[in-house]
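Now for the letters of each chain:
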Protein chains: 2
Amino acid sequence: MDTITVPAPADFHVHLRQGDFAALIAKHVRKGGFKLAYVMPNLKPPIANTDQALFYKAQLESIDPTVQYLMTLYLSPELTPDEIWKAKAAGIVGVKSYPRGVTTNSDGGIESYEAYYPVFAAMQEAGLVLNLHGEVPSNAASNTCVLNAEHAFLPHLRALHAAFPRLRIVLEHATSRAAVECVRSLGATVACTITAHHLALTADDWAGQSWHFCKPVAKFPDDRAALQEVIREGHPRFFLGSDSAPHPPHTKATAAPDHPCAAGVYTSPILLPLVAHLLESFGALDRLEGFVSSHGRTFYGFPIAEGEHGVVLRKTPGKVVEEKFIDGEQSVIPFWAGREIGWEIVEN
Amino acid sequence: MDTITVPAPADFHVHLRQGDFAALIAKHVRKGGFKLAYVMPNLKPPIANTDQALFYKAQLESIDPTVQYLMTLYLSPELTPDEIWKAKAAGIVGVKSYPRGVTTNSDGGIESYEAYYPVFAAMQEAGLVLNLHGEVPSNAASNTCVLNAEHAFLPHLRALHAAFPRLRIVLEHATSRAAVECVRSLGATVACTITAHHLALTADDWAGQSWHFCKPVAKFPDDRAALQEVIREGHPRFFLGSDSAPHPPHTKATAAPDHPCAAGVYTSPILLPLVAHLLESFGALDRLEGFVSSHGRTFYGFPIAEGEHGVVLRKTPGKVVEEKFIDGEQSVIPFWAGREIGWEIVEN
């Protein structure tokens, strides 16, 4: 087939940044074929309450008003059950939890979940979604490092689901077979996002390649296969969350001897063509609509609007990803820069 | 104790490069406290025969004649049993095997060992040592990537030892508990080198940190612990091979979106103080002499010469590693640049 029409693609995990960088980045949601962006709150300072989230939403709408922004709060001690109800009334959709120190702007992340049980109880009643960065901090004493930080998190996911069975929980950017099997084994209130880049990368690809370094890191070939398999199967609780995470090029390209480069892979401006390319590569192109649109929309309760036009992709052999996107002094280099994707958006 | 005298430190795995870069690098063997260097043959082109090895040795001696250079050949189809005997007569000590494509200048590496059995038989008779880069190439079909490439190699080590029980074999730069246990389980003709940097690093340290990227990659905390334990135990078949591998700074510090940075960690100019610091950190300072001198010398048959002066280290709290070493247009940045080591060489 040479064209595909995808109804209402939705990216259920994306970083849109702030200030001048946001002015470049936020436009790429639409460019990549998406009209719904589930926006991460890890700004500096984090989006910790309803007022901040609404202010941020207004900023994003001023950049591109044609995208539907679903806002989230950053889980921190500042968050109270009262604030959850306030957030609900303001249309905020979820709360994102970052374990302390594991990724970009997570210094204020959580160390233990039990202190947040009153907040989770309020979220369960209000219908807010809990979004989990599913990694525990490294700890040599327990043999935990970036390679098994996700695996070590899964008992926390099980415990949270057991304690709050009606709370909708999303394990974000799963990277391992263990994570896929864990989510599969849990109830209908637990879902899982998968990024585009984790469908392409393994540990070999970020070894010495800072542009492919993100958290959680890509793992073994068999882990990548598990992500591909659950998409090919069409499992309704697994859907796209790109975790598209832009950084200024010098923070990715240049390494000092004493600290890591920025963690993140940037896919927003090429997202829908890239996902089509990848799904096609492992025989799952027929699952594209479910993976990028209906599964996530159903889980979150944002169904496709009546009469909404779809995004049309055309197969374009030889189509190459742009090397760089520039807006004034801001620039960003996408995943797969200069590589062939072979699909392009012809109606958006 | 404030000073330690180490008799005749010997580095049984080091990369000294060629041309102008070698002029900078080779002097660092002595600077780092070592008078014996077991020299890797992965130049461009590789050191494939006796004549090339002797020519290279003469080049190194012209840079620093005070170091004893033990030379090796690169295992390739060019190598014959006759050449092994010629190498033996010329004083060449070992043959290095690189699986194809797994590290710096390994494009001519081996794909299968059975074709080399006549060469190994000649080495066994002549008394040459087989040095193994113990990783298999990545292969998604068998779930092999940089994270388990060493583990997947261990059956090859067992098979080689079974086929040539009198051939001395060294598994180079072991990084995992599995590798340590494998070598431990084999006979007296099988030894193992351990680098300084693998005593310090885990996967967390090369994730997004190109300066710490080397092959084999550092693994889990428990793997690092296994390397430390076998040194603390004083096992005589485990000894230092630094795998010190310099690269021009721009090849380590700058990453393009489409290929990895150079693989290698550079420890030569700080090696003995660094090893003392690390062994002290895990309670093995009393094993320093065995690890950096007598174990390797005994295995290889290069005992400490009568009356040779030792190298004296002094504990110097606050001693910091230099940021950069420069010679004309050549420069190199060492491991732990700007970090505190706390030991320095006072008599060399």
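Refer to the structure above for everything that follows.
First, a word on what this report is: a plain description of the structure on this page. Just so we're clear, the structure is a prediction, and the values are computed from it rather than from any experiment.

## Things to note about the overall build of chain A
Now for step 1: The helix and strand tally for chain A stands at 12 helices and 14 strands.
Now for step 2: Taken over C-alpha atoms, the radius of gyration comes to 19 Å for chain A, in line with the 20 Å a tight globule of 348 residues would show.
Now for step 3: Here the C-alpha coordinates of chain A stretch approximately 55 × 50 × 45 Å along the principal axes.
Now for step 4: Buried positions account for 61% of the 348 residues belonging to chain A.
Now for step 5: In chain A, of all internal contacts separated by at least 6 residues, the share reaching a separation of at least 24 is 74%.
Now for step 6: Carbon and sulfur atoms make up 52% of the accessible area of chain A, which amounts to about 12500 Å² in all.
Now for step 7: If you average the places of the 29 positive and of the 37 negative side-chain charges in chain A, the two averages end up 2 Å apart.

## Here's the deal with helix α3 (residues 50-63) of chain A
Residues and elements named next belong to chain A.
Now for step 1: The terminal C-alpha atoms of α3 lie 20 Å apart, and with 14 residues this matches the ideal 20 Å at 1.5 Å per residue to within 8%.
Now for step 2: Thr50, Ala53, Tyr56 and Leu60 are the residues of α3 that are buried. The buried residues of α3 occupy one face: seen down the axis, they fall within an arc of 125 degrees. Away from its buried face by more than 90 degrees, α3 exposes Phe55 and Ser62.
Now for step 3: Check the buried side of α3 and you find it contacts β3 (36-39), β4 (68-70), β5 (72-74) and α4 (81-89).
Now for step 4: Here α3 starts with a cap whose side-chain oxygen sits 3.2 Å from the backbone nitrogen of Asp51, and that cap is Asn49.

## So, the packing of α4 of chain A against helix α5 (residues 117-126) of chain A
Residues and elements named next belong to chain A.
Now for step 1: Their axes nearest at 8 Å, the elements α4 and α5 cross at an angle of 25 degrees. Overall, the two elements α4 and α5 adopt an arrangement that is roughly parallel. Here the hand of the crossing between α4 and α5 comes out right-handed. On α5, the residues touching Pro81, Ile84, Trp85 and Lys88 of α4 are Pro118, Val119, Ala122, Met123, Glu125 and Ala126.
Now for step 2: Split by residue class, the contact of α4 with α5 holds eight nonpolar, no polar and two charged.

## Comments concerning the interface of chain A and chain B
Now for step 1: Every contact between the two is made by 32 residues of chain A and, on the other side, 32 residues of chain B.
Now for step 2: Where chain A meets chain B, there are zero salt bridges.
Now for step 3: Sorting the residues of the side of chain A that touches chain B by element identifies α8 (203-206) and α9 (221-232) of chain A as the ones contributing at least two each.
Now for step 4: Looking at the side of chain A that touches chain B residue by residue, the class counts come to 18 nonpolar, 10 polar and four charged.

## Overview of the relation of the copies chain A and chain B
Now for step 1: By a simple turn and slide, chain A fits onto chain B: the slide is 0.0 Å along the axis, the RMSD is 0.0 Å, and the turn is 180 degrees. Each copy turns onto its partner about a two-fold axis. Considering only C-alpha atoms, the residue of chain A closest to the rotation axis is Thr254 of chain A, which sits at 2.3 Å.

## Focus on unusual backbone geometry
Now for step 1: Each neighbour pair has its own omega, and for Lys44 of chain A with Pro45 of chain A the value is -5 degrees, a cis peptide bond.
Now for step 2: Positive phi, normally seen in glycine, also occurs at Trp336 of chain A, with a value near 65 degrees.
Now for step 3: Mapped onto the elements of the fold, Trp336 of chain A is located in the loop between β13 (330-332) and β14 (343-347).
Now for step 4: A relative accessible area of 10% places Trp336 of chain A in the buried class.
Now for step 5: With a phi angle near 60 degrees, Asn143 of chain B is a residue other than glycine that sits in the positive phi range.

## Regarding the side chain of His247 of chain B
All names here are of chain B.
Now for step 1: In this structure, His247 sits in the loop between β10 (238-240) and α10 (249-253).
Now for step 2: At a separation of 3.4 Å, a polar atom in the side chain of His247 contacts the side chain of Arg17.
Now for step 3: A distance of 2.8 Å separates a polar atom in the side chain of His247 from the backbone oxygen of Ala263.
Now for step 4: When near neighbours in sequence (up to four residues on either side) are disregarded, His247 contacts Arg17, Phe21, Thr104, Lys252, Ala262, Ala263, Gly264 and Val332.

## Details of the state of the cysteines
Residues and elements named next belong to chain A.
Now for step 1: A complete count under the given rule lists zero disulfides over all chains for this structure.
Now for step 2: Between Cys182, a free cysteine, and Cys192, which holds the nearest cysteine sulfur, the sulfur-to-sulfur gap is 9.2 Å.
Now for step 3: The class for Cys182 is buried, based on a relative accessible area of 2%.
Now for step 4: Free of any disulfide, Cys214 has its nearest neighbouring cysteine sulfur in Cys261, separated by 10 Å.

## Notes on the sheet that holds strand β11 (residues 310-315) of chain A
All names here are of chain A.
Now for step 1: In space, the three strands of this open sheet follow the order β1-β11-β14, with antiparallel pairing throughout. Since the sheet does not close on itself, it has two edges, and those belong to β1 (3-7) and β14, each with one partner. Sheet twist, expressed as the average angle between the axes of neighbouring strands with direction ignored, equals 35 degrees.
Now for step 2: Bridge analysis of β11 against β14 gives four bridges, and the strand direction is antiparallel. Its bridge partner being in β14, Arg314 is matched across the sheet by Glu344.
Now for step 3: On top of the sheet, helix α11 (residues 271-281) reaches β1, β11 and β14; it is set at about 130 degrees to β14, its chief contact.
Now for step 4: Strands in contact with helix α12 (residues 288-300) are β1 and β11; relative to β1, the strand with the most contacts, it is inclined by about 20 degrees.

## Focus on the sheet that holds strand β4 (residues 68-70) of chain B
Paired through backbone hydrogen bonds, the strands of a sheet run either parallel or antiparallel to each other.
Residues and elements named next belong to chain B.
Now for step 1: Taken together, the three strands give an open sheet; going across it, the order is β2-β3-β4, and neighbouring strands pair in parallel fashion. Only two strands of the sheet have a single neighbouring strand rather than two, namely β2 (10-14) and β4. The sheet shows a mean angle of 20 degrees between the axes of neighbouring strands, taken without regard to direction.
Now for step 2: One ladder, built from three bridges, connects β2 with strand β3 (residues 36-39); its direction is parallel. What sits directly across from Asp11, in β3, is Ala37.

## Considerations on the environment of Val230 of chain B
Now for step 1: Of note, Val230 of chain B is situated in helix α9 (residues 221-232).
Now for step 2: Between the C-alpha atoms of Val230 of chain B and Ala284 of chain B, which are 54 residues apart in sequence, the distance is 9.8 Å.

## A word on α9 of chain A
Residues and elements named next belong to chain A.
Now for step 1: Spanning 12 residues, α9 covers 16 Å between terminal C-alpha atoms, matching the ideal 16 Å at 1.5 Å per step.
Now for step 2: For α9, every residue scored as buried is listed here: Pro221, Asp223, Arg224, Ala226, Leu227, Gln228, Val230 and Ile231.
Now for step 3: Contact partners of the buried residues in α9: α7 (177-185), β9 (190-194), β10 (238-240), α11 and α12.
Now for step 4: Of the residues trailing α9, Gly234 is marked for its positive phi of about 80 degrees.

## Some remarks on the pattern of salt bridges
Residues and elements named next belong to chain A.
Now for step 1: Here the structure, examined in full by the defined rule, presents 24 salt bridges over all chains.
Now for step 2: As a salt-bridge pair, Arg184 and Glu181 come within 3.3 Å of each other at their nearest N and O atoms. Of this pair, Arg184 and Glu181 both sit in helix α7, three residues apart, which is roughly one turn of the helix.
Now for step 3: The exposure class assigned to Arg184 is partly exposed, which follows from its relative accessible area of 27%.
Now for step 4: Residues joined by salt bridges that share partners form a network here, namely Arg177, Asp222 and Glu229.

Rules behind the numbers
- Residues numbered from 1 in each chain as written.
- Chains lettered and ligands numbered in written order.
- Predicted model: local features only at pLDDT ≥ 70, side-chain atom pairs only at ≥ 80, totals over all residues.
- Heavy atoms only, no water.
- Helix = DSSP H or I, 4+ residues; strand = E, 2+ residues; numbered from the N terminus.
- Rg over C-alpha atoms; globule rule 2.2 N^0.38 Å.
- Buried < 20%, exposed > 50% of the residue type's maximum accessible area, 1.4 Å probe, protein only.
- Contact = heavy atoms within 4.5 Å.
- Areas by Shrake-Rupley, 256 points an atom, 1.4 Å probe, with all protein chains shown as cover.
- Lys, Arg positive; Asp, Glu negative; His and termini not counted.
- Charge placed at Lys NZ, Arg CZ, Asp CG, Glu CD.
- Expected span 1.5 Å × (residues − 1).
- Arc of directions from axis to C-beta.
- Polar contact = N/O pair within 3.5 Å; in protein donor to acceptor, adjacent residues only side chain to side chain.
- Axes fitted to C-alpha atoms, helices over the stretch in contact; angles between N-to-C directions.
- Parallel < 35°, antiparallel > 145°, perpendicular 65-115°, else oblique.
- Left-handed = near helix turned anticlockwise from the far one by under 90°.
- Nonpolar A, V, L, I, M, F, W, Y, C, P; charged D, E, K, R; others polar.
- Salt bridge = Lys/Arg side-chain N within 4 Å of Asp/Glu carboxyl O.
- Least-squares fit on C-alpha atoms with pLDDT ≥ 70 in both.
- Disulfide = S-S within 2.5 Å.
- Pairing = 2+ DSSP bridges.

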